[in-house]
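# Chains, contacts and geometry: an overview
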Amino acid sequence: MITAPERAPLDRAFFDRPVLEIAPDLLGRVLVRTTDDGPIDLRLTEVEAYDGPNDPGSHAYRGRTDRNAVMFGPPGHTYVYFTYGMWHCLNLVCGPVGKAAGILLRAGHVTAGADLARRHRPTSRKDTDLAQGPARLATALSVDRALNGADACAPGGPFRILTGTPPDPAAVRTGPRTGVGGAGAAHPWRYWIDGDPTVSPYRAHAPRKRR
């Protein structure tokens, strides 16, 4: 059987590059999430790069912990974390072993398996917001910490990244990351496809108020 070019899986070498090179190159790629109930295809429209020890906004900035250990491993694996006591977020580890760089998958367009994604996110009002934001994306794809460390470059696993259809470079935009404060706030390491309705709205960092 001949595989269409856009359905060809990306290999590990794709992820074994500098994170700021990979992040914009992920736009338009297709993330396939295989579940017990069937697959969901998601065309990536928004991502954020986190550059490990060079980035105060990264979970790995201060070194290795039990929580972020997978980020120090081989590229092409998933890093899933739990935030605000209620949401999971999905990242792809990249760069050489020990570098701990990662890319947060912020938004995407569900191109196949939308009925299944709607079952995971019954509160969604329209298909363009099924995966509009990192928590919605993870929920729509039924992602939790049990998938932390999954190999997205290995056949037969819960994730594969396909070549997809990258956008015209002129349509790629970059700006500050959403919700990142401190020394990393101004880094223009969020990338998105201009005009795509699934891209999440930008929100600057707002310090949490202590009760």
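The structure this text deals with has already been given above.
In short, a report on the structure. These numbers were taken from a predicted model, which means no experiment stands behind them.

## A closer look at the overall build of the protein chain
What the protein chain contains, in helices and strands, is 4 helices and 8 strands. For the protein chain, the C-alpha atoms occupy an extent of roughly 50 × 40 × 40 Å along the three principal directions. Counting all 211 residues of the protein chain, 49% fall into the buried class. Within the protein chain, counting contacts between residues at least 6 apart in sequence, those at least 24 apart form 62% of the total. If you sum the accessible surface of the protein chain, you get close to 10,400 Å²; carbon and sulfur atoms cover 54% of it. One finds the centroid of the 27 positive side-chain charges in the protein chain at a distance of 9 Å from the centroid of its 21 negative side-chain charges.

## A few points about the pairing of strand β1 (residues 30–35)
A regular strand places its side chains so that they alternate between the two faces of the sheet. Burial within β1 is extensive, with 5 of its 6 residues counted as buried. Relative to strand β2 (residues 38–50), β1 is paired through 6 bridges, and the arrangement is antiparallel. Residue pairing for β2: Val30 is matched across the bridge by Arg43. Connecting β1 to the antiparallel partner β2 that follows it, the hairpin turn spans 2 residues. Sheet topology note: the β1/strand β6 (residues 159–162) ladder contains 4 bridges and is antiparallel. Bridged to Val30 within β6 is Leu162.

## Quick word on the packing of aromatic side chains
If you walk through the whole model with that rule in mind, you get 2 aromatic pairs. Aromatic pair Phe14 and Phe15: ring centres 5.0 Å apart, planes at 75°, arrangement edge-to-face. For the residue pair Phe14 and Phe15, the accessibility class agrees, reading buried in each case. Note on Tyr79 and Tyr81: the rings are 5.6 Å apart at their centroids and 40° apart in plane angle, and the pair reads as tilted. Just as Tyr79 is buried, Tyr81 falls in that class too. For the cation-ring pair, Arg33 lies above Phe159, with the distance from its terminal atom to the ring centre recorded as 5.5 Å. Its end group placed over the ring of Trp192, Arg190 keeps NZ or CZ at 4.0 Å from the ring centre.

## Let's talk about the state of the cysteines
A disulfide bridge is the covalent bond that connects two cysteines by way of their sulfur atoms. This structure, assessed with the given rule, holds 0 disulfides. This cysteine, Cys89, is not joined by any disulfide, and Cys94 carries the nearest cysteine sulfur, 16 Å off. Judged by its relative accessible area of 5%, Cys89 falls in the buried class.

## Describing the pattern of salt bridges
Taken as a whole, this structure holds 15 salt bridges when the rule is applied. For Arg29, the salt bridge is made with Asp25, and the minimal N-O distance between the two is 2.7 Å. Note that Glu46 is salt-bridged to Arg106, the shortest N-O span being 3.0 Å. Taken together, the positions of Glu46 in strand β2 and Arg106 in strand β5 (residues 101–112) put the pair 60 residues apart, joining distant regions of the chain. When sorted by exposure, Glu46 lands in the same class as Arg106, which is buried. Salt bridges sharing partners connect three or more residues here, namely Arg17, Glu21, Asp25 and Arg29.

## Here we look at the nonpolar core
The nonpolar side chains of soluble globular proteins are, as a tendency, buried together. Judged by nonpolar contacts, the single largest core of 41 residues is most densely connected at Phe15, Leu26, Leu90, Ile103 and Leu105. Sorting elements by how many residues they give to this core places β2 first, with 5 residues. Each residue touching Leu105, except ones within four places of it in the same chain, is listed here: Leu26, Leu31, Leu44, Glu46, Val47, Leu90, Leu92, Pro134 and Leu137. By size, the runner-up hydrophobic cluster in this structure holds 12 residues, among which are Ala60, Cys89, Ala100 and Leu104.

Rules behind the numbers
- Residues numbered from 1 in each chain as written.
- Predicted model: local features only at pLDDT ≥ 70, side-chain atom pairs only at ≥ 80, totals over all residues.
- Heavy atoms only, no water.
- Helix = DSSP H or I, 4+ residues; strand = E, 2+ residues; numbered from the N terminus.
- Buried < 20%, exposed > 50% of the residue type's maximum accessible area, 1.4 Å probe, protein only.
- Contact = heavy atoms within 4.5 Å.
- Areas by Shrake-Rupley, 256 points an atom, 1.4 Å probe, with all protein chains shown as cover.
- Lys, Arg positive; Asp, Glu negative; His and termini not counted.
- Charge placed at Lys NZ, Arg CZ, Asp CG, Glu CD.
- Pairing = 2+ DSSP bridges.
- Phe/Tyr/Trp six-rings, centres within 6.5 Å; stacked < 30°, edge-to-face > 60°.
- Lys NZ or Arg CZ within 6 Å of the ring centre and 35° of its normal.
- Disulfide = S-S within 2.5 Å.
- Salt bridge = Lys/Arg side-chain N within 4 Å of Asp/Glu carboxyl O.
- Core = buried A, V, L, I, M, F, W, Y, C linked by side-chain atoms within 4.5 Å.

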